[in-house]
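Spelled out from the first residue to the last, the chains are:
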Amino acid sequence: MRYAILAALDEFGGTSQAELCRRLGIDRGDAVSTLNGMAADGLLRREPDPADRRRNVVHITAAGTARMRELDVLVDDAQEELLSGFTPAERAQISRLLHRLNDLPPS
């Protein structure tokens, strides 16, 4: 979950906790303790939303970006190991199918 949060913040910029959870498809209650831990570790920061002081906007920090880059390498290595027996065409097909699966509405 930490990697997904860091990647989303890196890609989309600061966002509310609620929007971040919606975008990632994670339960807000489950995310709170993870976000708290990540903030304590200096990977992200929360700031009051200037448009609505009741909400927090979550931003990735420089330390969070650095950690995400480290995790990118681990993810790439794991994917390479997992897909090592597939041809480039098969890998592309797997990727397309996974993207389609990801785009399906929740049931």
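What you see is a predicted model; the values in this text were computed from it and never measured. (Residues numbered from 1 in each chain as written. Predicted model: local features only at pLDDT ≥ 70, side-chain atom pairs only at ≥ 80, totals over all residues. Heavy atoms only, no water.)

**Points about the overall build of the protein**
Secondary structure assignment for the protein yields five helices and three strands. Overall, the protein shows an N-to-C arrangement of helices and strands of α-β-α-α-β-β-α-α. On C-alpha atoms alone, the protein measures out to a radius of gyration of 16 Å, which is more than a quarter above the 13 Å that the 2.2 N^0.38 rule sets for 107 residues. Projected onto its principal axes, the C-alpha coordinates of the protein cover approximately 50 × 35 × 20 Å. Considering only intrachain contacts with a sequence separation of at least 6, the fraction spanning at least 24 residues in the protein is 46%. Approximately 7,400 Å² of the protein is accessible, and the part contributed by carbon and sulfur atoms is 53%. Measuring between centres, the 14 positive side-chain charges of the protein sit 7 Å from its 17 negative side-chain charges. (Helix = DSSP H or I, 4+ residues; strand = E, 2+ residues; numbered from the N terminus. Rg over C-alpha atoms; globule rule 2.2 N^0.38 Å. Contact = heavy atoms within 4.5 Å. Areas by Shrake-Rupley, 256 points an atom, 1.4 Å probe, with all protein chains shown as cover. Lys, Arg positive; Asp, Glu negative; His and termini not counted. Charge placed at Lys NZ, Arg CZ, Asp CG, Glu CD.)

**Brief notes about the sheet that holds strand 3 (residues 52–60)**
As summarised here, the arrangement of the three strands in space is 1-3-2, forming an open sheet in which the pairing is antiparallel. Strands at the two margins of the open sheet, each flanked by one partner only, are strand 1 (15–16) and strand 2 (44–49). (Pairing = 2+ DSSP bridges.)

**Quick look at the packing of helix 2 (residues 17–24) against helix 3 (residues 28–40)**
Viewed as axis vectors pointing N to C, helix 2 and helix 3 meet at an angle of 115 degrees, and their least axial separation amounts to 10 Å. Compared by their axis directions, helix 2 and helix 3 come out roughly perpendicular. As helix 2 packs across helix 3, the resulting crossing turns out to be right-handed. Mapping the contact onto sequence places Gln17, Ala18, Leu20 and Cys21 in helix 2 and Arg28, Ala31 and Leu35 in helix 3. (Axes fitted to C-alpha atoms, helices over the stretch in contact; angles between N-to-C directions. Parallel < 35°, antiparallel > 145°, perpendicular 65-115°, else oblique. Left-handed = near helix turned anticlockwise from the far one by under 90°.)

**A closer look at the nonpolar core**
Counting residues in hydrophobic clusters, the biggest one holds 15 residues, and the most contacted among them are Ile5, Leu6, Leu9, Leu20, Leu35, Met38 and Leu44. Counting residues per element, the ones that place at least two in this core are helix 1 (2–12), helix 2, helix 3, strand 3 and helix 4 (62–82). Residues in contact with Met38, not counting those within four places in the same chain, are Arg2, Ile5, Leu6, Leu43 and Leu44. (Core = buried A, V, L, I, M, F, W, Y, C linked by side-chain atoms within 4.5 Å. Buried < 20%, exposed > 50% of the residue type's maximum accessible area, 1.4 Å probe, protein only.)

**A short note on the pattern of salt bridges**
Taken as a whole, this structure holds 10 salt bridges when the rule is applied. Here Glu19 ties to Arg22 by a salt bridge, and the two come within 3.3 Å at their closest N and O atoms. With a gap of three residues between them, Glu19 and Arg22 both fall in helix 2, about one helical turn apart. For Glu19, a relative accessible area of 26% corresponds to the partly exposed category. (Salt bridge = Lys/Arg side-chain N within 4 Å of Asp/Glu carboxyl O.)

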